[in-house]
Amino acid sequence: VRFRAVCGTGFRAPSIDQLFNPEYGNDDLEAERSVGWDAGLEWSPSRSVKGSLSWYLTEYDNLIAWFDADGDPSTWDDGSYENISSAETEGVDLSVDARIKAVSLGLTGSLLRTRDDQGEQLLRRPETRWGARLGFSPADRVTLSLNANRVGERKDWGDVTLHSYTLVNLSGTFRVSGAVELQGRVENLTDEEYEHA
């Protein structure tokens, strides 16, 4: 069993574009500062099994974010970058990995809570994420891997909700010799329709 704890600070100055772009720049932007804490527990009951549980909290002062004056995501000419006086993100991550002879398994999960200075959820940050991975080595030179990742719903401008989605990817490797490998990959195996903000 291993315990760990970390505390750190962050600083992010506004970019030149955020400050001086003639269409949406804001030369009154202040630098973003943050303080973060992270604590976790790792457990390995055997060489083939490992699990971890982590909690983290980050508090921001003057978080730099985009504001759209009319709340309509289809019109950007009325928006600009502004500072959110205070905000925080808090989450829990869980992961489990196991190997049983030629088969490896992995599970991950994440819960996230975000709040700005008005108590509202920060935009474009999903509250839930999870993933699963299955690996298989039927021979010394062959490795196959199937993984699935699900991203939960996210709030966006104009009272819009970006829908959750699940991506399934398949990959394989064949080692021809010590220095040569053939790799293949199929991404979005189920042809999921999804959109990144």
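Residues numbered from 1 in each chain as written. Predicted model: local features only at pLDDT ≥ 70, side-chain atom pairs only at ≥ 80, totals over all residues. Heavy atoms only, no water.

Draft legend 1. Representation of the nonpolar core. Among the nonpolar cores identified, the biggest contains 6 residues, and these are Tyr60, Leu63, Ala65, Ile84, Ala87 and Leu122. Here this core takes 3 residues from strand E3 (residues 49-68), the largest share from any one element. Non-local contacts of Ala65, meaning those with residues more than four positions away in its chain, are made with Ser80, Tyr81, Glu82 and Ile84. (Core = buried A, V, L, I, M, F, W, Y, C linked by side-chain atoms within 4.5 Å. Buried < 20%, exposed > 50% of the residue type's maximum accessible area, 1.4 Å probe, protein only. Helix = DSSP H or I, 4+ residues; strand = E, 2+ residues; numbered from the N terminus. Contact = heavy atoms within 4.5 Å.)

Draft legend 2. Layout of the pattern of salt bridges. In total, this model carries 10 salt bridges according to the counting rule given. Notably, a salt bridge pairs Arg113 with Glu88, separated by 2.4 Å at the nearest N-O pair. With Arg113 in strand E5 (residues 103-116) and Glu88 in strand E4 (residues 79-100), this residue pair connects regions lying 25 residues apart in the sequence. We classify Arg113 as partly exposed; its relative accessible area is 30%. Residue Glu88 is classed as partly exposed on the basis of its relative accessible area, which comes to 22%. Lys155 is the partner of Glu120 in a salt bridge, and the nearest nitrogen-oxygen pair spans 3.9 Å. Here Glu120 is found in the loop between E5 and strand E6 (128-139), whereas its partner Lys155 is found in strand E8 (residues 154-156), with 35 residues between them in sequence. Among the charged side chains, a salt-bridge network with shared partners connects Arg2, Arg4, Asp38 and Glu42. (Salt bridge = Lys/Arg side-chain N within 4 Å of Asp/Glu carboxyl O.)

Draft legend 3. How the structure looks around a negative patch on the surface. Taken together, the side chains of Asp27, Asp28, Glu30 and Glu82 present a region of like negative charge at the surface. Mapped onto the elements of the fold, Asp27 is located in the loop between helix H1 (16-20) and strand E2 (32-46). Residue classification places Asp27 among the exposed positions, given a relative accessible area of 55%. (Patch = residues over 30% accessible without salt bridge, like charges linked within 9 Å, V, L, I, M, F, W, Y side chains within 5 Å. Areas by Shrake-Rupley, 256 points an atom, 1.4 Å probe, with all protein chains shown as cover. Lys, Arg positive; Asp, Glu negative; His and termini not counted. Charge placed at Lys NZ, Arg CZ, Asp CG, Glu CD.)

Draft legend 4. Molecular detail of the sheet that holds E5. If you walk across this open sheet you meet the 9 strands as E1-E2-E3-E4-E5-E6-E7-E10-E11, and the pairing is antiparallel. Edge positions in the sheet fall to strand E1 (2-12) and strand E11 (181-186), since each has one partner strand and no second. With direction set aside, neighbouring strand axes in the sheet form an average angle of 15°. Where E5 lies against E6, 9 bridges are found, and the strand directions are antiparallel. Across the sheet, Val103 pairs through a bridge with Phe136, a residue of E6. (Pairing = 2+ DSSP bridges. Axes fitted to C-alpha atoms, helices over the stretch in contact; angles between N-to-C directions.)

Draft legend 5. Region of interest: the packing of aromatic side chains. One pass over the structure, following the stated rule, counts 4 aromatic pairs. When the ring of Tyr24 is compared with that of Trp66, the centres are 5.5 Å apart and the planes differ by 75°; the resulting orientation is edge-to-face. Of this pair, Tyr24 sits in the loop between H1 and E2 while Trp66 sits in strand E3, and the two are 42 residues apart along the sequence. Overall, Tyr24 belongs to the partly exposed group, its relative accessible area being 23%. Relative to Tyr81, the ring of Tyr24 has its centre 6.0 Å away and its plane inclined at 65°; by these criteria the two rings are edge-to-face. Placement of Tyr24 in the loop between H1 and E2 and of Tyr81 in strand E4 is noted, with a sequence separation of 57 residues between them. These aromatic residues form a ring-pair network of at least three members: Tyr24, Trp66 and Tyr81. (Phe/Tyr/Trp six-rings, centres within 6.5 Å; stacked < 30°, edge-to-face > 60°.)

Draft legend 6. Inspection of the environment of Phe174 at higher detail. Turning to its location among the elements, Phe174 is positioned in strand E10 (residues 165-175). Separated by 37 residues in sequence, Phe174 and Ser137 have C-alpha atoms that sit 10 Å apart. Residue contacts for Phe174: discarding those within four places in its chain leaves Arg141, Val142, Val180, Glu181 and Leu182.

Draft legend 7. Here's a closer look at unusual backbone geometry. Phi is positive for Lys101, close to 55°, though the residue is something other than glycine. Tracing the chain through its elements places Lys101 in the loop between E4 and E5.

Draft legend 8. Main features of the pairing of E3. In this sheet, E3 lies alongside E2 in antiparallel orientation, the contact comprising 12 bridges. Counterpart to Ser46 in the pairing with E3 is Val49. In textbook terms, the turn of a hairpin is the stretch between consecutive antiparallel strands, and for E2 and E3 this stretch comprises 2 residues. Where E3 and E4 come together, 19 bridges link them in antiparallel fashion. When the bridges of E4 are listed, Thr58 appears paired with Thr89.

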